[in-house]
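# Secondary and tertiary structure notes
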Amino acid sequence: MKIIHLISGGDVGGAKTHVLSLLQGLGKTEQVRLVCFTDGAFADDARAMGIDTLVLDSGVASSIRTLSDMICTEGFEIVHCHGSRANMIGAILKRRINVPIVTTVHSDYRLDYLGRPFHRMTYGTINTVALRLFDYHIGVSDSMVQLLISRGFDPQTMFSIYNGVDFSCTQTKLTRAEYFSSIGLQADEDTVVFGIAARLSPVKDISTLIRGFAAANKTCPNTRLVIAGDGEEREMLQSLARSVCAPGTCVFAGWVSDTDSFYNAIDVNTLSSLSEAFPYALPEGARMHCATIATHVGGVPYIIENGVTGLLFEPRDVDTLTEHMKRLAENAVFRRQLAENLYERASEKLSVDATVNHQKEIYRTILRQQARPKQKRRGVLICGAYGKGNAGDDAILEAILRQMRNIDADMPICVLSHNPKQTRLRYHVGAVHVFNPFAFWPVMRRTKLYLSGGGSLIQDQTSTRSLKYYLLSISLAKMAGCRVLMYGCGIGPVNVPANRRQAARVINRCVDAITLREDLSAEELKSMGVTEPKVYVTADPALLLQPGSVGAVDGFLLNNNLDPNGKYALFVLRPWKGFERKKQAFVDAANYVNQKYGLTPVFFALEPNRDVAPCREVAAALTCESHLIEAPYDETLIIGMMKKMRVVVSMRLHTLIFASSVGAPLVAVSYDPKVTGFMRYIGQKHCVYFDDVTGENLRALTDAALAEHCAYDVSHLQELVKQNETVARALLEEEA
């Protein structure tokens, strides 16, 4: 590839480091040229690193003419801009050349000229307009991408990238003891040392860190704090430390050039900033295997997953910071697990090589998309129960999106969601509100495939209104000219005769094909009189999801005060009519598995907004210890947790699906035929109807599941899931 990068040439700090290291790496395999619009240290450093560098400082008009001729004559395939001046020139170039233009957004463009009103009014305004004219945008960190998406930029032309550091080697000049001796800190091998390396300025809010440490040190006296760095707040912070910290527990190390020795010496890397894009301190600490406590700001949460790769707290929240510091000081196992999880994630995502390879993949994607012939209809519109806070539905959407991207990685995808903003931010797809026809009708008019599913949408058990909505949306999609596929779904129950007739009529008239997650749904369709569309019995898309890494799952369990090697029985409950009458049966079963098998009951709220209440009611009535955890953001952690359970007793179908994908012993409480149908489909017989639940039969089913358990295999179902993708591909490839 031939890529030309444009930058003003006066950049410093993180942006400079990112661009120069990126171009040096790209230059090993690609033809790259850097064009600066100002001569100086940036251009000099680039040349010293062996980067092909050109300075154009003769004015905007002249620079544009030179660049246009150069790009066309030498055959550059991509123009890549960095910063406001380059963005302005790139936006003008876009009208003169037939080459895709991309910009990297290194910081919030609305804050770039704070305190300089004239520059904000001129350069800031020009940059704001220019950014809207680019074909593609790259945000430095997922948080920057999220920010751009929240401001209306297209999530499907957006990429994220991270500042990379070299994980291949470390150079510690001093041992831990030698480093502490050099800064005058008294600490032994058992001392837990917290540290921060940062500019001592208000935005870093180190006063909160000092107060949090002082409070933690009262409970955990064998802790120390090292503050490395210098800045305008140093005297104030030293005075604060003298007043609140025990003598000798907090040391100011001054400016640190040997960062490897610093991070090698401390146990916990801390970050108390009020604002960050993506700080280099995180990968610098990660590469030295430090555990991390950081504020929930900027790009931090996309590497620091609370309880898995570190601990997060809100800015200025001294109390939570104190609790985090005490917890890591007192629990060495958890501290080391967080450190190793972060190292694993950071070395994969934040190395220089990873950054360079990811940037090349972005370029390949852009060139592939540019080469695609224009089509009147393209892409998929997905409709289901999405954006409602149900972890099971969200996992199904994740699985469907992966299958669609297997078909075409560049396919435009839009989701009908109850929370379009959240869906856009989480999945980087287009999203419109389910009840906004002015938004979704234009999408239907240009989309080739309308995908209704997964989950049980065609049913009136919850309400007739939802059934009529999904039938209406199918009718509108067909009217708009879409192919219509009911995808990996369950059918029924549809109880009202009029609803059954309407559903059969709409499906026969408007649906091109149906893939079902179990055979009971096929029987229901047949009894309703559905005969026209081709029906395939496949399996639920969520069966393709895989558990998270062992370290990530162990970190999630530890964060919820569960021993990764402990013995647990998982209970997944949900509100249902008559639950109060059946509550004692679940109490009896939970107490029973604890007394007979030594299993600690764990209650899991798959849909926290609804499931926490029944879980708490049962847990409160137990005579043994229990735990309550809510569904994490990452479905791979849910599946990994299921793998650790000795038995899973569930009212939630999605939980049964997740647990079956890793062969966990199952006891199903069926409030709906779809639960019974799924258990039958996977060959598991430990199932009881909700109305028939008693303490006695729940205990018997649990005994049977534990006694008969041998690793059952759902790989044949995972193969069937792939047929969903095959059917969707065929409809997408049909001529209009």
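The coordinates are above.
Residues numbered from 1 in each chain as written. Predicted model: local features only at pLDDT ≥ 70, side-chain atom pairs only at ≥ 80, totals over all residues. Heavy atoms only, no water.

## As for the environment of Asp188
Tracing the backbone through its elements, the reader meets Asp188 in the loop between helix H7 (176-183) and strand S8 (192-197). Residues Asp188 and Ala177, 11 residues apart in the sequence, show an inter-C-alpha distance of 7.8 Å. Beyond its immediate sequence surroundings of up to four residues, Asp188 is in contact with Arg176 and Asn222. In this structure the side chain of Asp188 is engaged in a polar contact, spanning 2.9 Å, whose partner is the backbone nitrogen of Asp190. (Helix = DSSP H or I, 4+ residues; strand = E, 2+ residues; numbered from the N terminus. Contact = heavy atoms within 4.5 Å. Polar contact = N/O pair within 3.5 Å; in protein donor to acceptor, adjacent residues only side chain to side chain.)

## Comments concerning the sheet that holds strand S4 (residues 78-82)
Read from one edge to the other, the open sheet built from 7 strands follows the order S3-S2-S1-S4-S5-S6-S7, with strand pairing classed as parallel. Unpaired on one side and paired on the other, strand S3 (53-55) and strand S7 (158-161) mark the two borders of the sheet. Recorded for the sheet is a direction-independent mean angle of 25° between the axes of neighbouring strands. Relative to S7, strand S6 (residues 136-140) runs parallel, the two being bridged by 4 bridges. Within the sheet, the bridge partner assigned to Gly139 lies in S7 and is Ser160. Against the sheet, helix H6 (residues 142-150) engages strand S5 (101-105), S6 and S7, with an angle of about 155° to S7. (Pairing = 2+ DSSP bridges. Axes fitted to C-alpha atoms, helices over the stretch in contact; angles between N-to-C directions.)

## Some details on the environment of Leu185
In this structure, Leu185 sits in the loop between H7 and S8. Judged by relative accessible area, Leu185 falls into the buried class, the value being 6%. A C-alpha to C-alpha distance of 9.3 Å links Leu185 and Ala253, two positions 68 residues apart in sequence. What Leu185 contacts, discounting residues up to four positions off in sequence, is Phe180, Val193, Arg224, Val226, Gly248 and Val251. (Buried < 20%, exposed > 50% of the residue type's maximum accessible area, 1.4 Å probe, protein only.)

## Digging into the side chain of His5
Here His5 shows up in strand S1 (residues 2-7). Of note is the side chain of His5, whose polar atom sits 3.0 Å from the side chain of His82. Not counting residues up to four positions away in its chain, the partners in contact with His5 are Leu22, Leu23, Leu26, Val32, Arg33, Leu34, Val35, His80, His82 and Tyr363.

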